[in-house]
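Below are the chains, spelled out letter by letter.
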Amino acid sequence: AFVAPVDGHFQVFTMPAAGGEPTQRTTGYAEAGHPSFDPTGTRMVFPAQVAGGSFGLQLLDLETGAIRPLVSGAFHCWSPEWSPDGRLIAFVSDKDGGAGDLHAVHVATGTVERLTDDPLPERDPRWSADGRRLVYSRRVAKDHAELWVLDRARGTRAPVLPDAGLNLQPSFTPDGKAVLFTSNRAGSFNIWQLELASGAVTPCDPGPHSDQNARPLPARQSRSSDTL
């Protein structure tokens, strides 16, 4: 799935990984983006804006093409991410005021629960493989973003990387013992790994180039030769 402009407005498309013609999945939205597949690959959620309105979450059935609003109102939603069991979608929203807090919507009912209440903006939520935790980025200042982990089972949240610099776009490794993230801690933006038990931070691909949006291969697909 990807986003591309149509008559000056971004819309959602899908296409086979092996190549072929893309299929436009959305029409009529002022903007649509950040598509996220459910674990079965049969549904997709994406934020979309009706002309002059707010960004709400839309749920697309990929087999029928039917789209239904999942979360909408006089607020914005972005960065949706499906839980591993497909029951919840984590997202960021200014639904309850502020600069953007973490929320989760129960897909079956549309019920929304607020996960954080923070005056500082939070971004990029990602689930652990067991669905118990969320790792995310918390913007402290223009040039400083921390990494935090929220444990839904325990009802706790805490910083795991308060280091200076922009630490962004975190993802748990499949075993949940480490987090991959993007950071400019060494100058340019590169991918790093944080070991949660020890707090050790090591570079995955250092260099003067720019790397972002690291996603580990899920455990069910990984092989001994795989790294990212």
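Here the residue numbering is sequential within each chain, running from 1 through the sequence in written order. With the structure being a predicted model, the display of local features is reserved for residues of pLDDT at least 70 and the display and counting of side-chain atom pairs for 80 or more, all residues being used for whole-chain, interface and lining totals. Side-chain measures here rest on the full set of heavy atoms in the structure, leaving out hydrogens and waters.

Quick look at the pairing of strand 19 (residues 190-195)
Selection criterion: Any two strands with at least two DSSP-identified bridges between them are counted as paired. Elements are defined by DSSP. Helices are runs of H or I of four residues or more, strands are runs of E of two residues or more, and each kind is numbered from the N terminus.
Bridge count between strand 18 (residues 178-183) and strand 19: six bridges; the pairing is antiparallel. By the bridge assignment, F181 is partnered in strand 19 with W192. Taking the residues between adjacent antiparallel strands as the criterion, strand 18 and strand 19 are bridged by six residues, where G187 takes a positive phi near 125 degrees. In this structure, strand 19 lies alongside strand 20 (residues 201-203), joined through three bridges in antiparallel fashion. Bridge pairing in strand 20 places L194 opposite V201.

With respect to the sheet that holds strand 2 (residues 9-14)
Sheet strands line up and pair through hydrogen bonds in the backbone, either parallel or antiparallel. Read across the open sheet, the three strands follow the order 1-2-3; overall the sheet is antiparallel. Each edge of the open sheet carries a strand with a single partner, namely strand 1 (2-6) and strand 3 (23-24). Bridge count between strand 1 and strand 2: five bridges; the pairing is antiparallel. In the strand pairing of strand 2, V6 is matched with H9.

Looking at the confidence of the model for the chain
Quick note on the threshold: On a range of 0 to 100, pLDDT expresses the predictor's confidence in each residue. Residue contacts are defined here by distance: any two heavy atoms, one from each residue, within 4.5 Å place the two residues in contact.
For the chain, per-residue confidence averages 91 on the pLDDT scale, and residues scoring 70 or more make up 96% of the total. Within the chain, strand 10 (residues 88-93) carries the highest mean pLDDT (98), whereas strand 20 carries the lowest (94). Contacts for the low-pLDDT stretch residues 221-228, under 50 throughout, to residues beyond four places or in other chains number seven contacts.

Comments concerning the side chain of S137
Just so we agree on the cut-off: We call two N or O atoms a polar contact when they sit within 3.5 Å, provided that within protein one can donate a hydrogen and the other can accept it, with sequence-adjacent residues counted only if both atoms are side-chain atoms.
Mapped onto the elements, S137 comes out in strand 14 (residues 133-141). A distance of 3.0 Å separates a polar side-chain atom of S137 from the backbone oxygen of N167. Among all residues touching S137, those that are not within four sequence positions of it are P121, E122, R123, D124, A145, E146, L147, N167, L168 and P170.

Thoughts on unusual backbone geometry
To keep it simple, the criterion reads: Relative accessibility under 20% of the residue-type maximum defines a buried residue, over 50% an exposed one, and the middle range a partly exposed one, all with a 1.4 Å probe and only protein chains included.
With phi around 55 degrees, S79 is a residue other than glycine that occupies positive phi space. Looking at the element boundaries, S79 is found in strand 9 (residues 77-82). On the accessibility criterion, S79 (8% relative accessible area) is buried. Its identity as a non-glycine residue notwithstanding, D124 has a phi of 55 degrees, on the positive side. Locating D124 in the fold gives a position in strand 13 (residues 122-127). With a relative accessible area of 16%, D124 lands in the buried category.

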